[in-house]
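Spelled out from the first residue to the last, the chains are:
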Amino acid sequence: MVRKAGETPRGNDLGSALVLGAALYQCRLEQGLSLRSLARRLGLGSHSGLLDYERGHRIPPEYLLIAYEREFGTAAGHLRGLRARALRERAEALVGDLIDRYGVPPAVARAPGTPPLVGLVSRLAHTLHALPSCMASAVTEAWQTSAERPPRRGAEAEGQSGSPGANKVW
């Protein structure tokens, strides 16, 4: 999606996710740890997820932030507070994207003087109403995309591909 000047940021470029990522990076940097060594200290099998969290591409689960707070001695709840703000911001962006896509019917628009929560509930109701058609179009698009792929041959077709998880269906 191309954003116009002055438009609200959506998706991976949200500020709170980046702030959380920067805080995670700072924790690691202050201890002089590599991603691999941090992953080992936290008991993770891979370091690649940590990189996504530090870049703000993904929001880490709460248990991981508790481990960060314990490992680095940061204030209890600080990283979890940043996570909550990032999750809230991302949810608002997703609802906004759906509203942008399907619009808000005039009957749902908030009247002047009405508490803001009333408008939010109405927008969420409209979004939930539009969700099945959005999901149907996404499934149709995925089906068409998979139908356009060339058929697999050899070891790949038999599920013997060399990379773990290559044949998983997510």
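Residues numbered from 1 in each chain as written. Predicted model: local features only at pLDDT ≥ 70, side-chain atom pairs only at ≥ 80, totals over all residues. Heavy atoms only, no water.

A few points about the overall build of the chain
What counts, and what does not: In this text, helices come from DSSP runs of H or I with a minimum length of four residues, and strands from runs of E with a minimum of two, each type numbered from the N-terminal end. When accessible area is computed with a 1.4 Å probe and restricted to protein chains, residues below 20% of their type maximum are described as buried, those above 50% as exposed, and intermediate ones as partly exposed. What makes two residues a contact is simply this: any of their non-hydrogen atoms within 4.5 Å. Every accessible area reported is derived by Shrake-Rupley at a probe size of 1.4 Å, with residue values counting cover from the shown protein chains alone.
Helices and strands together make up the secondary structure of the chain, namely 7 helices and 0 strands. Reading the chain from its N terminus to its C terminus gives the helix and strand order α-α-α-α-α-α-α. Burial analysis of the chain (170 residues in total) assigns 26% to the buried set. The long-range fraction of contacts in the chain, counting pairs at least 24 apart against all pairs at least 6 apart in sequence, stands at 56%. Summed over all atoms, the accessible surface of the chain reaches about 11,700 Å², with 57% contributed by carbon and sulfur.

A closer look at the nonpolar core
Here is the rule we go by: In this description, a nonpolar core means a group of buried Ala, Val, Leu, Ile, Met, Phe, Trp, Tyr and Cys residues linked to one another through side-chain atoms lying within 4.5 Å.
Counting 21 residues, the largest nonpolar core has Leu-20, Leu-24, Leu-38, Leu-42, Leu-50, Tyr-68 and Leu-79 as the members making the most contacts within it. What Leu-38 contacts, discounting residues up to four positions off in sequence, is Arg-28, Leu-33, Leu-50, Tyr-68 and Phe-72.

What about the packing of helix H1 (residues 15-31) against helix H5 (residues 78-102)?
Convention followed: Angles run from 0 to 180 degrees between N-to-C directions of axes, and those axes are lines fitted to C-alpha atoms, restricted for helices to the stretch in contact. For this classification, under 35 degrees means roughly parallel, over 145 means roughly antiparallel, 65 to 115 means roughly perpendicular, and everything else is oblique. Handedness of a helix crossing follows the sense of rotation of the near helix relative to the far helix, less than a right angle counterclockwise being left-handed and clockwise being right-handed. Amino acids outside the nonpolar list (Ala, Val, Leu, Ile, Met, Phe, Trp, Tyr, Cys, Pro) and the charged list (Asp, Glu, Lys, Arg) are all regarded as polar, and Gly is one of them.
The contact between H1 and H5 brings their axes to 7 Å, and the two run at 155°. What the angle tells us is that H1 and H5 run roughly antiparallel. Taken as a pair, H1 and H5 cross one another with a handedness that is left-handed. On H5, the residues that touch Gly-15, Ser-16, Ala-17, Val-19, Leu-20, Ala-23 and Leu-24 of H1 are Leu-79, Leu-82, Arg-83, Arg-85, Ala-86, Glu-89 and Arg-90. Its residues placed into classes, the contact of H1 with H5 shows 8 nonpolar, 2 polar and 4 charged.

Quick word on the confidence of the model for the chain
Where we set the bar: Per residue, pLDDT measures the predictor's confidence, with a range of 0 to 100.
Averaged over the chain, the pLDDT score is 75; the fraction of residues at 70 or greater is 56%. Contacts for the low-pLDDT stretch residues 1-13, under 50 throughout, to residues beyond four places or in other chains number 17 contacts. A low-confidence stretch, residues 165-170 (pLDDT under 50), is modelled with 7 contacts involving residues beyond four sequence positions or located in other chains.

What to know about the side chain of Ser-16
Rules: Pairing of N or O atoms within 3.5 Å defines a polar contact, subject to two protein rules: one partner must be a possible hydrogen donor and the other a possible acceptor, and residues neighboring in sequence count only if both atoms are side-chain atoms.
Looking at the element boundaries, Ser-16 is found in helix H1. Residue classification places Ser-16 among the buried positions, given a relative accessible area of 8%. A distance of 3.0 Å separates a polar atom in the side chain of Ser-16 from a polar atom in the side chain of Glu-89. Residue contacts for Ser-16: discarding those within four places in its chain leaves Arg-85, Ala-86 and Glu-89.

Structural notes on the pattern of salt bridges
What counts here: We define a salt bridge as a contact between a side-chain nitrogen of Lys or Arg and a carboxyl oxygen of Asp or Glu at a distance within 4 Å.
Per the stated rule, a full pass over the model turns up 4 salt bridges. Arg-41 is paired through a salt bridge with Glu-71; the nearest N and O atoms lie 2.5 Å apart. A residue pair is termed long-range when its members are at least 10 positions apart, and Arg-41 in helix H2 (residues 35-42) and Glu-71 in helix H4 (residues 62-72) qualify at 30 residues. Across the salt bridge formed by Glu-69 and Arg-80, the nearest N and O atoms sit 2.9 Å from each other. Of the two residues, Glu-69 sits in helix H4 while Arg-80 sits in helix H5, which places them 11 residues apart along the sequence.

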